[in-house]
Amino acid sequence: RVESTMKVFQKDPFERSLWNHKLHGNRNGVRSISAGYDLRLLYVERDGHAFVLFIRVGDHDDVYR
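Residues numbered from 1 in each chain as written. Predicted model: local features only at pLDDT ≥ 70, side-chain atom pairs only at ≥ 80, totals over all residues. Heavy atoms only, no water.

Asks: Outline the packing of aromatic side chains, supporting the account with residue identities and numerical values.
Replies: One pass over the full model with this rule turns up three aromatic pairs. Here F9 and Y43 contribute two aromatic rings whose centre-to-centre distance is 5.1 Å and whose plane-to-plane angle is 75°, an arrangement assigned as edge-to-face. Pair noted here: F9 is in helix α1 (residues 2-11) and Y43 is in strand β3 (residues 40-46), with a separation of 34 residues, a long-range link. The class for F9 is buried, based on a relative accessible area of 6%. A relative accessible area of 0% places Y43 in the buried class. Linked through ring pairs, F9, Y43 and F54 together constitute an aromatic cluster. (Phe/Tyr/Trp six-rings, centres within 6.5 Å; stacked < 30°, edge-to-face > 60°. Helix = DSSP H or I, 4+ residues; strand = E, 2+ residues; numbered from the N terminus. Buried < 20%, exposed > 50% of the residue type's maximum accessible area, 1.4 Å probe, protein only.)

Asks: I'd like a rundown of the pattern of salt bridges, residues and numbers included.
Replies: For side chains of opposite charge, pairing can occur when their charged atoms come near one another. On inspection of all chains with the given rule, the structure shows two salt bridges. In this structure, K7 engages E3 in a salt bridge whose closest nitrogen and oxygen atoms are separated by 3.8 Å. Linking K7 with E3, this pair stays in helix α1, spanning four residues, or about one helical turn. The partly exposed category is assigned to K7, whose relative accessible area is 49%. For E3, a relative accessible area of 59% gives the class exposed. (Salt bridge = Lys/Arg side-chain N within 4 Å of Asp/Glu carboxyl O.)

Asks: Any chance you could break down the pairing of β3 for me, citing the residues and the numbers?
Replies: Where burial is concerned, most of β3 is hidden: five out of the seven residues are buried. Once strand β2 (residues 31-34) ends, the chain turns through five residues before running back antiparallel as β3, passing G36 with a positive phi of about 110°. (Pairing = 2+ DSSP bridges.)

Asks: An account of the nonpolar core is requested, with residue identities and associated values reported.
Replies: Counting seven residues, the largest nonpolar core is built from F9, L18, I33, A35, L39, L41 and Y43. Each residue touching Y43, except ones within four places of it in the same chain, is listed here: F9, N20, G29, V30, R31, I33, H49, V52, L53, F54 and I55. With five residues, the next largest nonpolar core counts L23, V30, L42 and V44 among its residues. (Core = buried A, V, L, I, M, F, W, Y, C linked by side-chain atoms within 4.5 Å. Contact = heavy atoms within 4.5 Å.)

Asks: Residue-level account of the confidence of the model for the protein, with values.
Replies: Averaged over all residues, the pLDDT of the protein is 85; the fraction at 70 or higher stands at 97%. Of all helices and strands in the protein, the one with the weakest mean pLDDT is strand β4 (residues 51-58) (76), whereas strand β1 (residues 21-22) scores best (92). (pLDDT = per-residue confidence, 0-100.)

Printed below as a string of structure tokens:
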């Protein structure tokens, strides 16, 4: 699922199925996308979308701990 999600993300990071959104609080500056019901990928971006660094991949509870 991660690989297919990354392909969608590369084509359009804001594709509706990714549920791309900003996080808040102690994760200010981090964004999250969904790779299905129970899998999230957290990332930060630099210089727009020229460079994207994924920082966590896991289920919902794991990545938000």
